[in-house]
Amino acid sequence: MFHHISEVLSDNFIGKEVALRGWIYRKRRMGKIIFVVLRDSSDIIQCVIEKKKIGNEKFKELDKVGVESSLEINGVIRKEERAPTGYEVDVKDINIIGPSYLFPITKDKSDEFLLDNRHLWLRSREMNAILKIRHTVFGAIHEFFRENGYYEVQGPIFVTGAVEGGSTLFEVPYFGKKAYLSQSAQFYLETFIFSLERVYTIAPSFRAEKSRTRRHLTEYWHAEGEVAWYHNEDMMRDEEELIMHIVQKVLEEREKELKFLNRDLEILKNLEKPFIRMKYEELIEFAQENGINIEYGDDLGADEETAITKKFDKPIFVTHYPIEIKPFYHRPDPDNPKVVLCHDLLAPEGYGEIIGGGERIYKLDVLLRRMEEEGLNPEDYYWYVDLRKYGSIPHSGFGLGVDRLVWWLAGLSHIKYAIPYPRTIRRTKP
Ligand code: ATP
Ligand code: MG
Ligand code: MG
Ligand code: MG
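The name given to the chain in an unreviewed UniProt entry is Asparagine--tRNA ligase, and the organism recorded there is Aciduliprofundum boonei. A UniProt comment under Sequence similarities (unreviewed entry) is attached to the chain, and it reads "Belongs to the class-II aminoacyl-tRNA synthetase family."

Structure (structure tokens):
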């Protein structure tokens, strides 16, 4: 029976013989001894391999192969303070399963090179940690929604309408006609609430982002929720709970990985509800007082949000944006129709928007008026308009960029490190 490395890194295993399998992470020879640091999905361990114990043949073979060769080993665990994870294996036997010569990834490689070789770079301890954090985040999102009465649904990816505006639509040929890749499942989620009331989906969204920022991918993972009868504030409360739940889970399950990535854990550990709430107007004032060049009516871009959120160590809900800078479906505030009942959630520490959400227009005449003002043809959105004709209800929803969330939680410098195969304006490989 094989153990995972993390299991045997324990005093309980001292003196016991174990079988391990994995890949060579580091290797160095000192005369008749070869030191191998072996890695598997769980951790790394130093292995001491003496010629006299495994025999000439195998020693020679091991001497020839390079890092990332796959191995099975048998040996006895002992404590060794100087070893990278505090224990080592006194090896009795090895089997080389798949040799590797000249693994292309070495310490001095450029970022571009590592991106071109993501299929190999996934083996790095950094990517291993990030992938585990992602795993926990996706699991926690499903858990939260399911524990709170949301049904999981699936919308289409080939669509014919824009949710977030035409400029970032990817057009695809579709049997002699045009279709687009979905930018958001929102409009479809709205159709489901008349049947299921609370729904969510986790799916890729596609946006032809031409801007080069630290936070835009062309293909990203979008966790979206939509709830019947919810007003803007109700939605924000669920989002707050969702983020708290994810942070708790990540701290419980992934502290080791966060530490490996040098993430400052204090901010995550001290996170508490309620998050900060600021109206757009207040945020603009705050920004101006802090010397950030922005005026009322400007949309907040990546740079402005970075500058603003550097001043905070807690997420901020920004509400009541001017109607002109938000898409047509947001419900105008009955008390001040120049602004809409919406919210963006900005992650602190210089990260910025991770959620966009709000209350949707539910009255037919208001929706038709807003579409006209935005120059949209209601016929193109006939099914979306229909929802306002048959038992319409107030409702709200949101979209969370999962890669953005991982980017912030893991404290990464660029979103391309938060997703295994990033897609950007210049990259569709590997
Ligand atoms: P941004 O202002 O950064 O362009 P957005 O306001 O266009 O984002 P929304 O339409 O509100 O984005 O989408 C909901 C969420 O999806 C965003 O809050 C963000 O977390 C995520 N998101 C949007 N665009 C991207 C992208 N290009 N890459 C990664 N995540 C994205
Ligand atoms: Mg955008
Ligand atoms: Mg935005
Ligand atoms: Mg947004």
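Let us keep going from here.
Engineer: Would you take a moment to explain the domain arrangement of the chain for this structure?
Structural biologist: Interfaces are often sized by the amount of accessible area the parts lose when they come together. Here the chain is described as being made up of domain 1 (5–98) and domain 2 (116–417). Its C-alpha centre places domain 1 at a distance of 46 Å from the equivalent point of domain 2.

Engineer: What exactly am I supposed to notice about unusual backbone geometry here?
Structural biologist: Outside of glycine, negative phi angles account for most residues, and trans bonds account for most peptide bonds. K273 connects to P274 through a cis peptide bond whose omega is -10 degrees. Here P274 is to be found in the loop between α9 (266–269) and β13 (276–279). Within the chain, L102 stands out as a residue other than glycine whose phi angle is a positive 55 degrees. Within the secondary structure, L102 sits in the loop between β6 (87–98) and α4 (111–116).

Engineer: Just to check I follow, could you spell out the sheet that holds strand β19 (residues 395–401) for this structure?
Structural biologist: The strands making up a sheet associate through hydrogen bonds between their backbones, and the pairing can be parallel or antiparallel. The strand order across the open sheet built from eight strands is β7-β11-β12-β19-β18-β17-β14-β13, with neighbouring strands paired in mixed fashion. Strands with a single pairing partner mark the edges of an open sheet, and in this sheet they are β7 (151–152) and β13. Across the face of the sheet, helix α8 (residues 232–260) comes into contact with β12 (219–228), β14 (316–319), β17 (342–347), β18 (352–359) and β19 while running at roughly 35 degrees to β19. Relative to β13, helix α10 (residues 280–289) is tilted by about 95 degrees, and along the sheet it contacts β13 and β14.

Engineer: Looking at this structure, how should I read the site of ligand 1?
Structural biologist: In the vicinity of ligand 1 there are 16 residues, among which H216, Y220, G356, G399 and G401 approach most closely. Breaking the shell around ligand 1 down by element, the ones donating at least two residues are β12, β18, β19 and α14 (402–409). Looking at the shell around ligand 1 residue by residue, the class counts come to four nonpolar, five polar and seven charged.

Engineer: Help me out: how do you make sense of the pairing of strand β4 (residues 44–50) in this one?
Structural biologist: Within a regular strand, side chains alternate between the sheet's two faces. Here strand β3 (residues 33–39) pairs with β4 via seven bridges, running antiparallel. Within the sheet, the bridge partner assigned to R39 lies in β4 and is I44. Hairpin remark: β3 followed by β4, antiparallel, with four residues in the connecting loop. Examined bridge by bridge, β4 and β6 share three bridges and lie parallel to one another. Residue V48 lies in a different strand from β6, and its bridge partner there is D90.

Parameters at a glance
- Residues numbered from 1 in each chain as written.
- Chains lettered and ligands numbered in written order.
- Predicted model: local features only at pLDDT ≥ 70, side-chain atom pairs only at ≥ 80, totals over all residues.
- UniProt positions renumbered as here; feature names shortened; annotations may be inferred.
- Domains from an automatic or database assignment.
- Helix = DSSP H or I, 4+ residues; strand = E, 2+ residues; numbered from the N terminus.
- Pairing = 2+ DSSP bridges.
- Contact = placed C-beta atoms within 7 Å.
- Axes fitted to C-alpha atoms, helices over the stretch in contact; angles between N-to-C directions.
- Near = placed C-beta within 6 Å.
- Nonpolar A, V, L, I, M, F, W, Y, C, P; charged D, E, K, R; others polar.

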